[in-house]
Amino acid sequence: MSLEKVVFGFFVLLAATLNLGFFIGDISDPALHNEYELFAAVVVNLIATVLKFGDRTQIGAVHLATSLVADLQLIAATITWVYATQISDAGMTPENTASVVSLSGGALLANLVSVALLVIETTTFRRR
């Protein structure tokens, strides 16, 4: 068993589960979407992205692309959250919450593709 592959798989799956945990709930109710969970999803996604930089295979390139998409969408969601809560006078309106949750949904889709790639890569691996 390769420790490197265990760590890689751990962060890929943790990124997806944190993102799912933030995403679940009424799209317009900010009480159901914890900002700390969004922050954790961003951090773990960034760590997963860094771990994907070393792979020079085609599937590694797609892994990296899915991570970059998830990072971009989660960072945009975080910026939207910070703007709504810290800069805007309106606060976290249902519309702002829907924007944040929608962006995290796009990141969730990218994370699910990454998990699917990980499963496919693992099942096609041949021991030598």
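Keep in mind it's a predicted model, so treat the numbers as computed, not measured.

**As for the packing of aromatic side chains**
So, step 1. Applying the stated criterion across every chain, the model contains 2 aromatic pairs.
So, step 2. Aromatic pair phenylalanine 10 and phenylalanine 11: ring centres 5.2 Å apart, planes at 85°, arrangement edge-to-face.
So, step 3. Overall, the relative accessible area of 47% leaves phenylalanine 10 in the partly exposed class.

**What about the packing of helix α3 (residues 58-87) against helix α4 (residues 94-124)?**
So, step 1. In contact at an axis separation of 8 Å, α3 and α4 are set at 165° when each is read in the N-to-C sense. Judged by the inter-axis angle, α3 sits roughly antiparallel to α4. α4 is crossed by α3, and the crossing has left-handed handedness.
So, step 2. Classifying every residue of the contact of α3 with α4 by side-chain character gives 16 nonpolar, 10 polar and 1 charged.

**Thoughts on the UniProt feature "transmembrane region" (unreviewed entry) in the protein**
So, step 1. UniProt records the feature "transmembrane region" (unreviewed entry) for residues 7-24, 36-54, 61-84 and 96-120 in the present numbering.
So, step 2. A helix fraction of 84% and a strand fraction of 0% characterise residues 36-54, whose end C-alpha atoms lie 29 Å from each other.

**Concerning the environment of leucine 112**
So, step 1. Within the fold, leucine 112 resides in helix α4.
So, step 2. For leucine 112, a relative accessible area of 47% translates into the label partly exposed.
So, step 3. C-alpha separation for the pair leucine 112 and valine 12, spaced 100 residues apart in sequence, amounts to 9.2 Å.

**Some points on the nonpolar core**
So, step 1. Membership of the largest hydrophobic core comes to 19 residues, with the highest contact counts inside it found for Phe22, Leu38, Val44, Leu74, Trp81, Met92 and Val100.
So, step 2. Contributions of two or more residues to this core are made by α1 (3-23), α2 (35-51), α3 and α4.
So, step 3. Beyond its immediate sequence surroundings of up to four residues, leucine 38 is in contact with Phe22, Leu74, Ala77, Thr78, Trp81 and Val100.
So, step 4. In this structure, Phe8, Ala16, Val115 and Leu118 belong to the second largest nonpolar core, which totals 5 residues.

**Here we look at the side chain of serine 67**
So, step 1. Tracing the backbone through its elements, the reader meets serine 67 in helix α3.
So, step 2. For serine 67, a relative accessible area of 1% gives the class buried.
So, step 3. Ignoring sequence-local partners within four residues, the contact set of serine 67 consists of Asn45, Ala48, Thr49 and Lys52.

**What about the side chain of serine 114?**
So, step 1. Note on placement: serine 114 falls in helix α4.
So, step 2. The residues touching serine 114, leaving out its near neighbours within four places in the chain, are Val12, Lys52, His63 and Thr66.

Criteria and cut-off values
- Residues numbered from 1 in each chain as written.
- Predicted model: local features only at pLDDT ≥ 70, side-chain atom pairs only at ≥ 80, totals over all residues.
- Heavy atoms only, no water.
- Phe/Tyr/Trp six-rings, centres within 6.5 Å; stacked < 30°, edge-to-face > 60°.
- Buried < 20%, exposed > 50% of the residue type's maximum accessible area, 1.4 Å probe, protein only.
- Axes fitted to C-alpha atoms, helices over the stretch in contact; angles between N-to-C directions.
- Helix = DSSP H or I, 4+ residues; strand = E, 2+ residues; numbered from the N terminus.
- Parallel < 35°, antiparallel > 145°, perpendicular 65-115°, else oblique.
- Left-handed = near helix turned anticlockwise from the far one by under 90°.
- Nonpolar A, V, L, I, M, F, W, Y, C, P; charged D, E, K, R; others polar.
- UniProt positions renumbered as here; feature names shortened; annotations may be inferred.
- Core = buried A, V, L, I, M, F, W, Y, C linked by side-chain atoms within 4.5 Å.
- Contact = heavy atoms within 4.5 Å.

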